[in-house]
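# Analysis of the macromolecular model
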Amino acid sequence: MSNTELSTYSILESSGPFTDPEYTPEFGKDELSKAKILVVGAGGLGCEILKDLALSSFTDIECIDMDTIELSNLNRQFLFRESDVGKSKAKVAAKFVSRVVKDVKIVAHFNRIQDFDTDFYRRFTLIICGLDNIEARSWINKMVVDIALHHEELIPLIDGGTEGFQGSVKLMIPTITACFECYMKLVPKQTTYPLCTLASTPRLPEHCIEWAHQLEWPRVYSGKKFDPDDPEDVETMYMMSLKRARQFGIDGVTKSKTLGVVKNIIPAIASTNAVIAAACCNEAFKFVTSCNPNMVDSMYYNGEVGVVLASDEYHKVPGCPVCGNTVEEITVRDDITVKDFARYIKEKYELIEPDIFYQEKDLYNFKGNMKNGERRLRDEVAFEREGSNWRCQYELIAVDRGGKQVRLDITLEQ
Amino acid sequence: MDDKDVGNKYDRQVRLWSPSGQKCLSNSSICLINANTTASETLKNLVLPGVGRITIIDNSRKVTPNDLASSFFLSDSSSDHTRAGRLANTLSALNPDVEILVEQRSLSQLLFIPSYWSEFSCVIVSQFLENADHERLLSDILWRINVCLIEVNSIGFYATLRIKYREQEIVETHDNNTEDLRLDFPWPELQGHIDSINLDELDDQSFSNVPYSIILTKVYQRLHKRTGKRPTPSAVRKFIQSELRRNGEETNLDEASNRAILVLKDSREIPESLTRIFEEGENNDGSADSPFWPLVKALYFFYHKHGLLPLSGVLPDMESDTEQYIALTKLYRDKFEADKKEIKEIFEDQYGGTVSDSYLTTFVKNCKFMRVHRGSRESFKASLLTEESENEDPQRLSNLNIYVGFLALKSFYYEYHRLPSVSDCSELRATAISLLCHYQSVRNFPDGLEKVLDEICRARGSELHNICALIGGIAGQEVIKVITNQYVTLDNCMSFDGIKAQGGTWRI
Ligand SMILES: [Zn+2]
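None of these values were measured; they are calculated from a predicted model.

Parameters and conventions
Residues numbered from 1 in each chain as written. Chains lettered and ligands numbered in written order. Predicted model: local features only at pLDDT ≥ 70, side-chain atom pairs only at ≥ 80, totals over all residues. Heavy atoms only, no water. Helix = DSSP H or I, 4+ residues; strand = E, 2+ residues; numbered from the N terminus. Buried < 20%, exposed > 50% of the residue type's maximum accessible area, 1.4 Å probe, protein only. Contact = heavy atoms within 4.5 Å. Areas by Shrake-Rupley, 256 points an atom, 1.4 Å probe, with all protein chains shown as cover. Buried area = accessible area lost by both parts, 1.4 Å probe. Salt bridge = Lys/Arg side-chain N within 4 Å of Asp/Glu carboxyl O. Nonpolar A, V, L, I, M, F, W, Y, C, P; charged D, E, K, R; others polar. UniProt positions renumbered as here; feature names shortened; annotations may be inferred. Pairing = 2+ DSSP bridges. Right-handed = clockwise from strand over helix to strand, strands pointing away. 1 Å grid on protein atoms, 1.4 Å probe; cavity = no way out; pocket = protein on both sides within 12 Å on 5 of 7 lines; lining within 4 Å. Points joined across faces, edges and corners; volume = space filled by probe spheres on them. Donors = N, O, S within 2.8 Å, 3.2 Å for Na, K, Ca; no water. Tetrahedral: all angles 85-135°; square planar, octahedral: opposite > 155°, others 65-115°. Axes fitted to C-alpha atoms, helices over the stretch in contact; angles between N-to-C directions. Domains from an automatic or database assignment. Expected span 1.5 Å × (residues − 1). Polar contact = N/O pair within 3.5 Å; in protein donor to acceptor, adjacent residues only side chain to side chain. Core = buried A, V, L, I, M, F, W, Y, C linked by side-chain atoms within 4.5 Å. Phe/Tyr/Trp six-rings, centres within 6.5 Å; stacked < 30°, edge-to-face > 60°. Lys NZ or Arg CZ within 6 Å of the ring centre and 35° of its normal.

For the rest of this paragraph, the subject is the overall build of chain B. Within chain B, the regular secondary structure consists of 20 helices and 10 strands. Dimensions of chain B, computed from the C-alpha atoms along their principal axes, are close to 85 × 50 × 45 Å. Looking at chain B residue by residue over its 508 residues, the buried ones come to 57%. The contacts of chain B with a sequence gap of at least 6 include a subset with a gap of at least 24, amounting to 72%. For chain B, the accessible area works out to roughly 20700 Å², and carbon and sulfur atoms hold 47% of it.

So, in structure tokens, the structure goes:
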């Protein structure tokens, strides 16, 4: 028995009071040794995740990260040293963990996630994401949902995210539970400043900095892109912003704030990453071995005031553009007009001006002047009798301006 | 944040606790007792952000296979065979700014040198001490000199954390509600400014640039005059819609409508936490080296005299033009400075103290949301179980059961000098029963405790790395909050359930 097996194996050795009655130690150990885990991101969360997985007796791990190491990573990305600055995060992290934990094999990819195709991702038992940008997480999410839809293989996705003293973990089983996109409506929109505020009526130091960043820099240095990692560029940007702020009598422009705004810096600390990464890997360990049940859908953490650590259910969003490929069964009154029906669908599924159609034929749209709005739905589409009710012979589809799609199976009742 | 720190390795954290917090960290000295996995994970989260010095007390214990199995920082490459030595080696490499010392003396020796402990900002005990006497001695010493003691434990899928800190005064709580508009009590200069703006005379452009706080104050005052009462948000929204709207495009009016709820905020009201601080402040002379309690008295005097706290001076962004917004900012800042000056004068006249301008500024800005924590040394409070059983929140009861489970585990450890295994379930249950009888709280075994004890035995005394890392993260964070004296420290105990991914917290 190897070293890391000692601690995990004593848990796997027997069932606990909460373990599924079907569980056997052989099953748990076997699944653990067979599991192939993909870690996306080798930054603050990724370093922790790789360490946690290795010490949870996972032996077959791959890791993707396209970034290189920066000095400001070192306050939390503990697998990197000052001498590593400039090297691939994925490669340095993988090498470090494999050196410390003898039994683990970690393959590093110094790549973008988009460099790999479906067949690459299909090889994994489970994927853990420790990224800070929404686009990449959405991309991975879509990948695992598509694999579930087209290949009928369920690859659970565990997503960790942190900001300052706060963080969250989402456990997502593609097409079964809410997907990453389903959670997106909880995410606050990023603050953007209206251009006219920047151009003529600045009030905050941020307005002066964004003015310099978006308007003044391109005007003065047309063609030369601003490089936030070049100290000289940062200094110039800072002086530009400061000059603007002084001109308008606005306080609070500092170099630190300038960099924070132009790089969209999110504060980060080691302890929050430790909590969130560990929670991700704990769920991965339970999922793969079945030694204890998993949490419900998502966990939220906040350490600003005391310690808040709570998990909660989260339901799939019907009509989710990524995983909402299921048919919604709804019942409406048999005398409903097309227009009222369209409004009802719009509100129920929070759609923005949806087009409703069936078999490529338009039933209703909010922009055009459809003449059939006042007519009854049952006169516009074919229904057939089903008991005392009427059931639509076609599946109706509503697609909104944001591409969100809902498939509808309609029953009319009196 | 000082510009000299821009882009350096602490950049991302200094944005949370500012250079003053970072300075507290780099001047701090932490002591850690028992160098197991939970301990090493906790220390990692303190070495990385750059605490000053760490002293490890581990009674020269050797590295065991169990340690190697779950700890990343005890890897067997170094020739040192003691846990503390190895841990010091590997952790030092994480951050050259941190000094890490291994204490050669044993804990039992050190417990007879009370002065030894006074240099520490915080003492962390991971797992259990050898016996109840050590536990009592250590907590007595630290309590007397008001050094924070954090006890952290993990076994299998469960973990607990307990903070024993006699008292902590936190000024910088980083509360999100420090904005104070004074819609209902404008001071004369603000009132003058508001009166100087005649909405009816403004052209559409200038009208749409009047900040929403001015709109809301005007509406508040007009409605108040009509009815003699504080207006409701819906009345405010109605007024804006029917009497102020011109072309429907005024974003300042949208902002005012969306924030109409602010008219309900009574500027005279203070949070209960501050009321309690005032009550305590009457009899507390504090210590000579901190101006906190005398300032609380000065603040109370101020509040008593004006019926209001000093203005925080924090103004949110509002749709406006540069000129109007800057004018408003200046009014709020001037009022803040005037209130601050008055507090300073009361403080100097009546309490004869001196205080730095930066401390005073922080104090006045945050005074509404300050916190004072009074800790306790007790391990348990009998009423908790009764309360939680009646509460009918199964998760909270289940988390409390985990905390009780660890108390039973500790008693078991003190008695048998080992951790329980699967065959010890009945002994652990017996221990739990006698423990609960000791607290006289329980007529019957709490619902679900038996399962928790069985799950504890199932772990066979081993730590799971993920759970150690998680509770080590929380422990590290709480130490940072204690040292920087920023944000709000856990008051004062919690347990974590790694099966349901739920935490529960209580005050003992
Ligand atoms: Zn979805």
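Next, the rest of the story.
Attention now moves to the interface of chain B and chain A. Each side of the interface is counted separately: chain B has 77 residues, and chain A has 82 residues. For the pairing of chain B and chain A, the buried interface totals around 6500 Å² over both sides, and the portion due to carbon and sulfur atoms is 59%. Among the residues of chain B in contact with chain A, Arg12, Phe72 and Arg458 of chain B are the three that bury the most area, contributing 13% of the side total. The tally of links from chain B across to chain A stands at four salt bridges. Between Asp251 of chain A and Arg333 of chain B there is a salt bridge, with the nearest N and O atoms lying 2.6 Å from each other. Considering every element that reaches the side of chain B that touches chain A, the biggest residue donor is helix H20 (residues 465–484) of chain B, with 10 residues. In terms of residue class, the side of chain B that touches chain A is built from 33 nonpolar, 22 polar and 22 charged.

Taking the UniProt record as the reference, the feature "active site" (unreviewed entry) is found at Cys196 of chain A. Given the relative accessible area of 53%, Cys196 of chain A is considered exposed.

The next thing to look at is the pairing of strand S2 (residues 53–57) of chain B. Residue and element names in this part refer to chain B. With respect to burial, S2 is a largely interior element, four of its five residues being buried. Summarising the sheet, strand S1 (residues 29–33) and S2 pair through five bridges and their orientation is parallel. Directly across from Ile30, in S2, lies its bridge partner Ile54. The parallel pair S1 and S2, bridged by helix H2 (residues 37–47), forms a crossover whose chirality is right-handed. Relative to strand S3 (residues 99–103), S2 runs parallel, the two sharing five bridges. Paired with Arg53 across the two strands is Glu99, which belongs to S3.

Residues and elements named next belong to chain B. Of the volumes computed, that of the second largest pocket is approximately 600 Å³. Lining the second largest pocket are 22 residues, and of these Asn66, Asp67, Gln127, Leu419 and Gly461 sit closest to its centre. Its residues assigned to classes, the lining of the second largest pocket shows four nonpolar, 11 polar and seven charged.

A few words now on the coordination of the zinc ion. All names here are of chain A. The protein atoms donating to the zinc ion are Cys179 (SG), Cys182 (SG), Cys320 (SG) and Cys323 (SG), with metal-donor distances spanning 2.2 to 2.3 Å. Its four donor atoms give the zinc ion angles of 100 to 121° at the centre, a pattern that matches the tetrahedral case. When the donor residues of the zinc ion are listed from N- to C-terminus, their spacing reads C-x2-C-x137-C-x2-C. Looking at Cys323, the relative accessible area reads 2%, which means it is buried.

What follows is about the sheet that holds strand S8 (residues 308–312) of chain A. Residue and element names in this part refer to chain A. A sheet is described by the order of its strands in space; here eight strands give the open sequence S3-S2-S1-S4-S5-S6-S7-S8, paired in mixed fashion. With one partner strand each, in any of the chains shown, strand S3 (105–109) and S8 form the two edges of the open sheet. Shown here is a sheet whose adjacent strand axes are inclined to one another by a mean of 15°, direction ignored. Alignment of strand S7 (residues 298–302) against S8, held across five bridges, turns out to be antiparallel. Opposite Asn302, over in S8, you have Val308 as the bridge partner. Set on the sheet, helix H3 (residues 44–54) makes contact with strand S1 (36–40), strand S2 (60–64), S3, strand S4 (126–130) and strand S5 (157–163); between it and S4 the angle comes to about 145°.

Further remarks concern the domain arrangement of chain A. Assigned domains of chain A: these are domain 1 (3–188 + 267–312), domain 2 (195–262) and domain 3 (327–413). Taking the mean C-alpha position of each, domain 1 of chain A and domain 2 of chain A sit 38 Å from one another.

Let us now look at empty space enclosed by the protein. All names here are of chain B. For the coordinates displayed, the defined rule picks out six cavities of 30 Å³ or more. Looking at the largest cavity, it is lined by 19 residues, and the ones nearest its centre are Phe128, Glu135, Glu151, Asn153 and Lys410. Those elements giving two or more residues to the lining of the largest cavity turn out to be helix H6 (132–144), strand S5 (148–155), strand S6 (158–164) and helix H17 (394–416). In terms of residue count, H17 provides more of the lining of the largest cavity than any other element does, five residues in total. Classifying every residue of the lining of the largest cavity gives 10 nonpolar, four polar and five charged. Formed jointly, the lining of the largest cavity draws a minimum of three residues from each of two domains, domain 1 (3–166 + 463–506) and domain 4 (383–459). Quantified by volume, the second largest cavity comes out at close to 110 Å³. Surrounding the second largest cavity, 15 residues form its lining, Thr178, Asp180, Pro310, Ser312 and Lys368 being those nearest its centre.

Residue and element names in this part refer to chain A. Over its 12 residues, helix H4 (residues 89–100) extends 17 Å from the first C-alpha to the last, a length consistent with the 16 Å expected when each residue adds 1.5 Å. If you check which residues of H4 are buried, you get Lys89, Ala90, Val92, Ala93, Ala94, Phe96, Val97 and Val100. Elements that come into contact with the buried residues of H4 comprise H3, S2 and S3. Two or three places before Ala90, at the opening of H4, Ser88 has a side-chain oxygen 3.3 Å from that residue's backbone nitrogen.

What the domain assignment lists for chain B is domain 1 (3–166 + 463–506), domain 2 (188–264), domain 3 (278–317 + 333–374) and domain 4 (383–459). If you average the C-alpha positions of domain 2 of chain B and of domain 3 of chain B, the two centres end up 32 Å apart.

For the rest of this paragraph, the subject is the nonpolar core. As a rule of thumb, soluble globular proteins bury nonpolar side chains together. Ranked by internal contacts, the top residues of the largest apolar core, which has 143 residues, are Ile128 of chain A together with Ile56, Phe72, Leu161 and Ile474 of chain B. Among the elements that take part in this core, H17 of chain B stands out by supplying 12 residues, more than any other. Ignoring sequence-local partners within four residues, the contact set of Ile474 of chain B consists of Val275, Tyr301, Val307 and Leu309 of chain A together with Leu161 and Met494 of chain B. If you look at the next biggest cluster of nonpolar residues, it comprises 32 residues, including Leu183, Phe207, Ile214 and Leu253 of chain B.

Here we take up the sheet that holds S6 of chain B. Residue and element names in this part refer to chain B. Read from one edge of the open sheet, eight strands run S3-S2-S1-S4-S5-S6-S9-S10, paired in mixed fashion. Strands with a single pairing partner mark the edges of an open sheet, and in this sheet they are S3 and strand S10 (502–506). Across this sheet, the average inter-strand angle for adjacent strands is 15°, counted without regard to direction. Its contacts with the sheet place H6 against S1, strand S4 (122–126), S5 and S6, and it is angled at close to 145° to S5.

This part is about the packing of aromatic side chains. Under the counting rule described, the total for this entry stands at 26 aromatic pairs over all chains. Between Phe380 of chain B and Tyr403 of chain B, the aromatic rings sit 6.4 Å apart at their centres with planes inclined by 25°, giving stacked as the arrangement. One end of the pair, Phe380 of chain B, is in the loop between strand S8 (371–374) and helix H16 (383–391); the other, Tyr403 of chain B, is in helix H17, with 23 residues separating them in the sequence. Tyr403 of chain B carries the same exposure label as Phe380 of chain B, and that label is buried. In this structure, Arg99 of chain A is placed above the aromatic ring of Phe96 of chain A, and the distance from its NZ or CZ to the ring centre is 4.9 Å. In this structure, Arg244 of chain A packs its charged tip against the face of Trp211 of chain A, placed 4.2 Å from the ring centre.

Turning next to the UniProt feature "domain: THIF-type NAD/FAD binding fold" (unreviewed entry) in chain A. As annotated in UniProt, the feature "domain: THIF-type NAD/FAD binding fold" (unreviewed entry) corresponds to residues 28–296 of chain A in the numbering used here. With 46% helix and 13% strand, residues 28–296 of chain A has end C-alpha atoms that lie 21 Å from one another.

Of the consecutive residues Asp491 of chain B and Asn492 of chain B, the connecting peptide bond is found in the cis state with omega at 0°. Examined against the element boundaries, Asn492 of chain B turns out to sit in the loop between H20 and strand S9 (493–497). Even without glycine at this site, Ser290 of chain A takes up a positive phi of about 65°. Examined against the element boundaries, Ser290 of chain A turns out to sit in the loop between helix H12 (270–289) and S7. Positive phi outside glycine occurs at Asn59 of chain B, with the angle close to 50°. Note that Asn59 of chain B resides in the loop between S2 and helix H3 (65–70).

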